[in-house]
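Given next are the chains, with one letter for each unit.
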Amino acid sequence: RGQVALDRNGNYLLWTSEPGRIAKFDRVGRLIAVFGRAGSGPGEFSANFGPLLPLPDGRLAVFEPGAISIFGADLKFESRLRQPVRVMGNPIALS
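Residues numbered from 1 in each chain as written. Predicted model: local features only at pLDDT ≥ 70, side-chain atom pairs only at ≥ 80, totals over all residues. Heavy atoms only, no water.

**Some words on the pairing of strand 2 (residues 12-15)**
- A one-sided burial pattern is seen for strand 2, the buried positions being Leu13 and Trp15 and the unburied ones Tyr12 and Leu14.
- Of the pairings in the sheet, the one linking strand 1 (residues 4-6) to strand 2 comprises three bridges and is antiparallel in character. Its bridge partner being in strand 2, valine 4 is matched across the sheet by leucine 14.
- Turn length for the strand 1-strand 2 hairpin, with the two strands adjacent in sequence and antiparallel, is five residues, and the turn residue glycine 10 shows positive phi of about 85°.
- As paired elements, strand 2 and strand 3 (residues 22-25) share four bridges and run antiparallel to each other. Across the sheet, the residue bridging to tyrosine 12 is phenylalanine 25, located in strand 3.
- As consecutive antiparallel partners, strand 2 and strand 3 are separated by six residues, and within that stretch glycine 20 has a phi angle of approximately 75°, a positive value. (Buried < 20%, exposed > 50% of the residue type's maximum accessible area, 1.4 Å probe, protein only. Helix = DSSP H or I, 4+ residues; strand = E, 2+ residues; numbered from the N terminus. Pairing = 2+ DSSP bridges.)

If you want it as structure tokens, here you go:
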């Protein structure tokens, strides 16, 4: 909780107080979208604390225990990575 990310267009992304939900706000604080939900399926999260990392291509990486979920620029779920991956050139072992 408390983590805020800034995307390439100056929009803010942050966890909401509702379990598994992420909100996107524009530069002046107007709500653009809310997405995600509590659970363990595609586009679902078990907790509201993983880092949010806007990617240069407009997608969003959401880090959670043992996985990284990727959302498209349209905020629709794309994939969940459960294998070792590289982030910013550094290998990360996911357990």
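**Thoughts on the environment of alanine 23**
- In this fold, alanine 23 is placed in strand 3.
- Looking at alanine 23, the relative accessible area reads 3%, which means it is buried.
- Distance from alanine 23 to leucine 13, taken between C-alpha atoms, is 5.7 Å for residues 10 residues apart in sequence.
- Ignoring anything within four residues of it in the chain, the contact list for alanine 23 reads Tyr12, Leu13, Leu14, Thr16, Leu31, Ala33 and Val34. (Contact = heavy atoms within 4.5 Å.)

**Topic: the nonpolar core**
- If you look at the biggest cluster of nonpolar residues, it comprises 11 residues: Ala5, Leu13, Trp15, Ile22, Phe35, Phe45, Leu52, Leu60, Val62, Phe71 and Leu75.
- Elements with a minimum of two residues in this core: strand 2 and strand 8 (60-64). (Core = buried A, V, L, I, M, F, W, Y, C linked by side-chain atoms within 4.5 Å.)

**Quick notes on the pattern of salt bridges**
- Tallied over the full model, the rule gives seven salt bridges.
- Note that arginine 30 and aspartate 26 form a salt bridge whose closest N and O atoms lie 2.8 Å from each other.
- When the shortest N-O distance is used, the salt bridge between glutamate 64 and arginine 80 registers 3.4 Å. Here arginine 80 lies in strand 10 (residues 77-81) and glutamate 64 lies in strand 8, a separation of 16 residues in the sequence. Here glutamate 64 and arginine 80 have matching classes, each one buried.
- Ionic contacts of the salt-bridge type, sharing partners, join the residues Asp57, Arg59 and Glu78 into one network. (Salt bridge = Lys/Arg side-chain N within 4 Å of Asp/Glu carboxyl O.)

**Some details on the packing of aromatic side chains**
- Scanning the model with the defined rule gives four aromatic pairs in all.
- Consider the rings of phenylalanine 71 and phenylalanine 77, whose centres lie 5.8 Å apart with planes at 80°: the pair is edge-to-face.
- Site record: aromatic cluster; members linked through ring pairs are Trp15, Phe35, Phe45, Phe71 and Phe77. (Phe/Tyr/Trp six-rings, centres within 6.5 Å; stacked < 30°, edge-to-face > 60°.)

**A word on the pairing of strand 9 (residues 67-71)**
- Summarising burial for strand 9: five of the five residues are buried, a large majority.
- Burial of the side chains of strand 9 extends over both faces: Ala67, Ser69 and Phe71 are buried on one face and Ile68 and Ile70 on the other.
- Pairing of strand 8 with strand 9, which is carried by five bridges, proceeds in the antiparallel orientation. Along strand 9, the bridge assignment pairs glutamate 64 with alanine 67.
- Taking the residues that link successive antiparallel strands as the turn, the strand 8-strand 9 hairpin has two residues, and the phi of glycine 66 there is positive, at about 80°.
- Of the strand pairs in this sheet, strand 9 and strand 10 are connected by four bridges, and their pairing is antiparallel. Along strand 10, the bridge assignment pairs isoleucine 70 with serine 79.
- Between the end of strand 9 and the start of strand 10, which pair antiparallel, lie five residues, with leucine 75 showing a positive phi angle near 70°.

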